[in-house]
Structures are given as structure tokens and as C-alpha cells.
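# Working through the structure, step by step
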Amino acid sequence: VLAVVARRREVPSAPEPDGRWQVHGALWQTLASSGSQISPTVDRYFLTLGGVGNIAAYEIADKAYYAGYQLMTGGLLLKRMAGWGDLSARGRQEAQRIVLADARTLVGMSLLVAPATIGAIVLGLALGVVPDSWSKGLTWSVILCAGLPLGILHLLGSRLLVTLRQQWKLMPLTIVGIVANF
């Protein structure tokens, strides 16, 4: 689905006149962001079917995963993407080279951060430095952390669509995320 949508040709968006906000693109972003909130709702519903403590374990797993994710996004990704603002002015080949180089670097870094995060979690569990009540959630977080490179790639793709003013393509990306969650 994403490959078909990404390859679809469309007329390039008009530049924002005098720095004014393009409401149409912002509406697509808002719709996609709101739609993505279906996944946590579905997660919590299924967790309630599993018994007492599963939602707390999920929240612990989520926080442990986002420690590595925030390190990647706040520490590296956002800084690199700041330079993406003028991609359209650089020409297609140069813009593509920049984005692919950034994607390789950031996914490569996340391939280092993910095992480091998993190692810290496993070490904390092995040494008993975390409360026993957290062990289920931290064990689940190991599985989540293995997917960190895909999470970074997903964020790169969505930020690229915003940079290219093709926010409508965020909807198929959101739908794929929701379906994958089931």
C-alpha cells in the first residue's frame, strides 16, 4: 500500500506564500495523528482481557521503549531533519541523496541503540535493581525495543511526507500502522 502511494505522481504543492500556514496539509496531519490513537485504545482493550496488571506492565514496557526512541529522535533525528526544510530547492537527486544518507545513518544508529537499551533492561532485571512488579513490563519492552529501527524509519517517512507537503499520504501510513497493530 505504501509503495503504491509513495510512487503516485501528483502536482507539487505550491510553496507557502509569505510563510503562511497551509491549512489543508495541517488538516491531513491532524487527521492522521488522531487516527493513530486507535492503536493504543485497541492495545488497552486487549490488555484488559488478559488480567490484572497487564495495563501497568504495558505502560512500563512502553516507557522503557520510548527511552531509546526519545534518545534517537530528540538527540539525533530532529537535528538532521532540520536541514530537510529546503529539500525541494536542492533538486530531486540531491534531496534523495540527503534523505537516504540520513535514513541509513539514523537506522544504523538505532541498530546500536536498540541492543544497548535491551542490554540495560536485561542487566537491570538480572541484577535485581528494579522492583519485581516491573519485571513483566520490562520483559515486554525487550520485544518492543527490537523494533526500534522500524519505529525510526516510520518517523523518518512521516516527517519526509510533511517536508514534501504531501501530508495526505500520512493517512495510508496511519492505516498500515493500525492494521499492523491487530
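Since the structure is predicted, the reported quantities are computational estimates derived from the model, not experimental observations. (Residues numbered from 1 in each chain as written. Predicted model: local features only at pLDDT ≥ 70, side-chain atom pairs only at ≥ 80, totals over all residues. Heavy atoms only, no water.)

### Comments concerning the overall build of the chain
What counts, and what does not: Elements are defined by DSSP. Helices are runs of H or I of four residues or more, strands are runs of E of two residues or more, and each kind is numbered from the N terminus. Under the scheme applied here, a residue whose accessible area is under 20% of the maximum for its type counts as buried, over 50% as exposed, and between as partly exposed, the area being computed with a 1.4 Å probe on protein chains only. Surface accessibility in these figures is a Shrake-Rupley result with a 1.4 Å probe; residues are shielded only by whichever protein chains are displayed.
When you go through the chain residue by residue, the secondary structure sums to eight helices and zero strands. Listing the helices and strands of the chain from first to last along the sequence gives α-α-α-α-α-α-α-α. When burial is assessed residue by residue, the chain has 32% of its 182 residues classed as buried. Put simply, the chain shows about 11,500 Å² of open surface, and 66% of that area lies on carbon and sulfur atoms.

### Here we look at the environment of leucine 77
Selection rule: Contact definition: two residues touch when any of their heavy atoms are within 4.5 Å.
Structurally, the position occupied by leucine 77 is in helix H4 (residues 54-81). We classify leucine 77 as buried; its relative accessible area is 0%. Leaving out residues up to four positions away in the same chain, leucine 77 has contacts with Met72, Leu106, Ile152, Leu155 and Leu156.

### Here's the deal with the packing of helix H5 (residues 92-127) against helix H7 (residues 148-163)
Heads up, the condition is: Fitted lines through C-alpha atoms give the axes, limited to the stretch in contact for helices. The angle between two N-to-C directions lies from 0 to 180 degrees. Under this scheme an angle from 65 to 115 degrees is roughly perpendicular, one under 35 degrees roughly parallel, and one over 145 degrees roughly antiparallel; angles in between are oblique. A crossing counts as left-handed when the near helix is turned anticlockwise from the far one by less than a right angle, and as right-handed when that turn is clockwise. Note on residue categories: nonpolar means Ala, Val, Leu, Ile, Met, Phe, Trp, Tyr, Cys or Pro, charged means Asp, Glu, Lys or Arg, and polar means any other residue, Gly included.
Following both chains from N to C, one finds H5 and H7 inclined at 155 degrees, their axes separated by 8 Å at the closest point. Between H5 and H7, the interaxial angle falls into the category roughly antiparallel. In this structure, the crossing between H5 and H7 has a hand that is right-handed. On H7, the residues touching Val99, Ala103, Leu106, Val107, Ser110, Leu111, Val113 and Ala114 of H5 are Leu148, Pro149, Ile152, Leu153, Leu156 and Leu160. Split by residue class, the contact of H5 with H7 holds 13 nonpolar, one polar and no charged.

### Some words on the nonpolar core
Where we set the bar: Among buried residues, those of type Ala, Val, Leu, Ile, Met, Phe, Trp, Tyr and Cys that are joined through side-chain atoms within 4.5 Å constitute a nonpolar core.
Counting 23 residues, the largest nonpolar core has Leu77, Trp84, Leu148, Ile152 and Leu156 as the members making the most contacts within it. At eight residues, H5 tops the list of elements feeding residues into this core. For isoleucine 152, the residues in contact, after removing those within four places along its chain, are Tyr69, Met72, Thr73, Leu77, Leu106 and Ser110. Counting five residues, the second-largest nonpolar core is a separate cluster that includes Leu161, Leu170, Met171 and Leu173.

### Notes on H5
To be explicit about the condition: By this rule the span expected of a helix is its residue count minus one, scaled by 1.5 Å.
With 36 residues, H5 should reach 52 Å at 1.5 Å per residue; the first-to-last C-alpha distance of 52 Å fits that figure. The first or second residue beyond H5 is glycine 128, which carries a positive phi of 70 degrees.

### Details of the confidence of the model for the chain
For clarity, the cut-off: The predictor reports its confidence for every residue as pLDDT, a score running from 0 up to 100.
Here the chain shows a mean pLDDT of 80. Residues at 70 or above account for 86%. Below a pLDDT of 50 lies the segment residues 1-6, which in the model reaches nine contacts outside its immediate sequence neighbourhood of four places, other chains included.

### Digging into H7
Under the 1.5 Å per step criterion, the end-to-end length of H7 is 22 Å for 16 residues, consistent within 8% with the ideal 22 Å. Of the residues making up H7, those classed as buried are Leu148, Pro149, Gly151, Ile152, Leu155, Leu156, Ser158 and Leu161. Two residues or fewer past H7, arginine 165 is found with a positive phi of approximately 55 degrees.

### Overview of the packing of H4 against H7
Between H4 and H7, the least distance of the axes is 11 Å, while the angle of their chain directions is 35 degrees. H4 and H7 meet at a crossing whose hand is right-handed. Touching Tyr65, Gly68, Tyr69, Met72, Thr73, Leu77 and Met81 of H4 are Leu148, Gly151, Ile152, Leu155, Leu156 and Arg159, all from H7. Looking at the contact of H4 with H7 residue by residue, the classes come out as nine nonpolar, three polar and one charged.

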